[in-house]
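One-letter residues, chain by chain:
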Amino acid sequence: MNKKIIYLFLLIVLCGCLILIQSAHSPEDKSKVSSDANQQSLPKCSEESYGLDCSIVNFLKENLGRNNKSEAKVFCYYNKIGEKDNEIYLRASCGSFRIISSEMVCPDEKTNDECFITKKCGYCTEKGIEPRIIQDAGVVIPVKLTRTDDGYKMETPSDGSLYQKSMERIFPAEILEKIVADTSDIFSMTIKLAENEMKTKAYFEVKKITETSCQGDSDCPEINEGNRVEADCPLKMNCVDKKCTIGCYDLIDRLSLPRVEK
């Protein structure tokens with residue numbers, strides 16, 4: 001009788017072990033392992049999908065980017081101009097952006113100026129608008145990064161009259177030529193980063209819709225004398241509704257800087 005009880009007890013223990021082993025290899029656990037593997041394969045920063053190095057982007061955000069308002073978020077984009085030994089040469093663009101959903105509209109220039117200067121906006125009206133990205137701060141500048149044991153060290157040119165001399169001191173002659181020759185609109189790429197991350201578009205004021213079809217901005221030609229239009233803002237060509245469209249970004253906070261009713 002005692003042996004039967006012992007055998008029964010051992011059988012119960014054995015079944016329990018089998019259940020534990022099976023649960024350890026259950027489909028639920030496999031999905032967790034698969035999820036962890038997928039997590040590891042994801043980009044370490046959203047900028048990585050644009051071919052940028054996350055360690056450089058994060059360094060630029062911390063050392064070159066800035067924001068005036070706490071809710072603004074910093075984004076950085078760069079073109080690598082060259083590399084030599086432990087030095088990396090870039091044209092870098094960092095901008096901070098936030099989202100607004102209203103603007104101040106004034107009936108004429110006089111009330112507009114009064115509202116902006118004195119903040120007395122009794123004749124102006126605050127209106128709701130579709131949420132859009134506005135710029136909080138921004139810079140486009142050549143940068144030299146030097147690799148160090150714990151990251152990077154950065155050099156940027158001086159302002160004003162010292163700019164050219166500092167450029168010649170920081171950058172080798174062949175790199176300096178490439179920096180001058182690089183006229184690509186990297187700040188617009190910074191805006192694209194912000195739009196994708198913040199899931200909100202910047203306001204693009206359309207000046208002219210061309211006949212050229214497109215799937216993306218890269219399909220559109222450069223603006224030249226043949227397609228230039230009158231504008232009081234920096235023009236660029238974007239793909240809007242599958243047509244190459246000339247216009248300009250309005251990234252201004254229209255609550256702080258009201259606009260005049262059209």
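Everything below is about the structure printed above this text.
Residues numbered from 1 in each chain as written. Predicted model: local features only at pLDDT ≥ 70, side-chain atom pairs only at ≥ 80, totals over all residues. Heavy atoms only, no water.

Q: Any chance you could break down the overall build of the chain for me, citing the residues and the numbers?
A: Looking only at helices and strands, the chain features seven helices and eight strands. Among the 262 residues that make up the chain, the fraction classed as buried is 37%. For the chain, restricting intrachain contacts to residue pairs at least 6 apart in sequence, the fraction spanning at least 24 positions comes to 68%. Accessible surface, the chain: about 17000 Å² in total, of which carbon and sulfur atoms supply 53%. (Helix = DSSP H or I, 4+ residues; strand = E, 2+ residues; numbered from the N terminus. Buried < 20%, exposed > 50% of the residue type's maximum accessible area, 1.4 Å probe, protein only. Contact = heavy atoms within 4.5 Å. Areas by Shrake-Rupley, 256 points an atom, 1.4 Å probe, with all protein chains shown as cover.)

Q: Account for a nonpolar patch on the surface, with residues named and values stated.
A: Residues Phe116, Ile117, Ile252 and Leu257 make up a contiguous nonpolar surface patch of roughly 350 Å² in combined accessible area. Assignment of secondary structure puts Leu257 in the loop between strand S7 (243–250) and strand S8 (259–260). Given a relative accessible area of 31%, Leu257 falls into the partly exposed group. (Patch = residues over 30% accessible without salt bridge, like charges linked within 9 Å, V, L, I, M, F, W, Y side chains within 5 Å. Salt bridge = Lys/Arg side-chain N within 4 Å of Asp/Glu carboxyl O.)

Q: Talk me through the nonpolar core; I want residue IDs and the actual numbers.
A: Ile56, Leu60, Tyr78, Leu90, Phe97 and Leu145 are the most contacted members of the largest nonpolar core, which has 31 residues in total. Within the residue set of this core, elements represented by two or more residues are helix H3 (54–63), strand S1 (73–84), strand S2 (87–106), strand S3 (125–148) and helix H7 (186–198). Broken down by element, the residue count for this core peaks at six residues, all from H7. Counting residues in hydrophobic clusters, the runner-up holds eight residues, among them Ile81, Tyr89, Phe171 and Leu176. (Core = buried A, V, L, I, M, F, W, Y, C linked by side-chain atoms within 4.5 Å.)

Q: Give a description of the state of the cysteines that names residues and reports values.
A: On inspection of all chains with the given rule, the structure shows seven disulfides. Across a sulfur-sulfur distance of 1.9 Å, Cys115 and Cys121 are joined as a disulfide pair. On the sign convention where negative means left-handed, the S-S torsion of about 90° between Cys115 and Cys121 marks this disulfide as right-handed. Overall, the relative accessible area of 3% leaves Cys115 in the buried class. Through a disulfide, Cys214 is tied to Cys239; the S-S separation comes to 2.1 Å. Handedness of the Cys214-Cys239 disulfide follows from its S-S torsion of about 95°: it is right-handed. Here Cys214, found in the loop between strand S5 (203–213) and strand S6 (236–240), pairs with Cys239, found in strand S6; they are 25 residues apart in sequence, far enough to count as distant. One exposure class covers both Cys214 and Cys239, and it is buried. (Disulfide = S-S within 2.5 Å.)

Q: Lay out the packing of aromatic side chains in plain terms, naming residues and giving numbers.
A: Remark: the centre distance and the inter-plane angle together describe each pair of aromatic rings, the angle taken between the planes. In the structure shown here, the tally under the stated rule is five aromatic pairs. Centre to centre, the rings of Phe97 and Phe187 are 6.1 Å apart; their planes meet at 35°, and the pair counts as tilted. Within this pair, whereas Phe97 is found in strand S2, its partner Phe187 is found in helix H7, the two being separated by 90 residues in sequence. Across this residue pair, the class does not change: Phe97 and Phe187 are buried. Here the aromatic residues Phe75, Phe97 and Phe187 are joined through ring pairs into a cluster of three or more. The side chain of Arg132 reaches across the aromatic face of Tyr203, ending 4.4 Å from its centre. (Phe/Tyr/Trp six-rings, centres within 6.5 Å; stacked < 30°, edge-to-face > 60°. Lys NZ or Arg CZ within 6 Å of the ring centre and 35° of its normal.)

Q: Explain the sheet that holds S6 to me, and be specific about the residues and the numbers.
A: Strand order in the open sheet formed by three strands is S5-S7-S6, with antiparallel pairing between adjacent strands. Each edge of the sheet is formed by a strand with only one pairing partner; in this case those strands are S5 and S6. Shown here is a sheet whose adjacent strand axes are inclined to one another by a mean of 40°, direction ignored. As judged from the seven bridges shared by S5 and S7, these two strands associate in the antiparallel manner. Residue pairing across strands places Phe204 opposite Tyr249, the latter belonging to S7. Of the strands in this sheet, S6 and S7 touch H7, which is tilted by about 90° from S7. (Pairing = 2+ DSSP bridges. Axes fitted to C-alpha atoms, helices over the stretch in contact; angles between N-to-C directions.)

Q: An account of the environment of Ala72 is requested, with residue identities and associated values reported.
A: Within the secondary structure, Ala72 sits in the loop between H3 and S1. Accessibility expressed as a relative area gives 7% for Ala72, which makes it buried. Sequence spacing of Ala72 and Ala137 is 65 residues, and the spatial spacing of their C-alpha atoms is 8.9 Å. If near-sequence neighbours (up to four positions away) are discounted, Ala72 is found in contact with Asn67, Ser96, Phe97, Arg98 and Asp136.

Q: Quick one: what's the story with the pattern of salt bridges, residue by residue and with numbers?
A: On inspection of all chains with the given rule, the structure shows 17 salt bridges. We note a salt bridge from Arg147 to Glu83, for which the minimum N-O separation is 2.4 Å. Taken together, the residues span a long stretch of sequence, with Arg147 in strand S3 and Glu83 in strand S1 at a distance of 64 residues. Residues Asp250 and Arg254 are paired through a salt bridge, measuring 3.3 Å at the closest nitrogen-oxygen approach. We note that Asp250, like Arg254, is buried.

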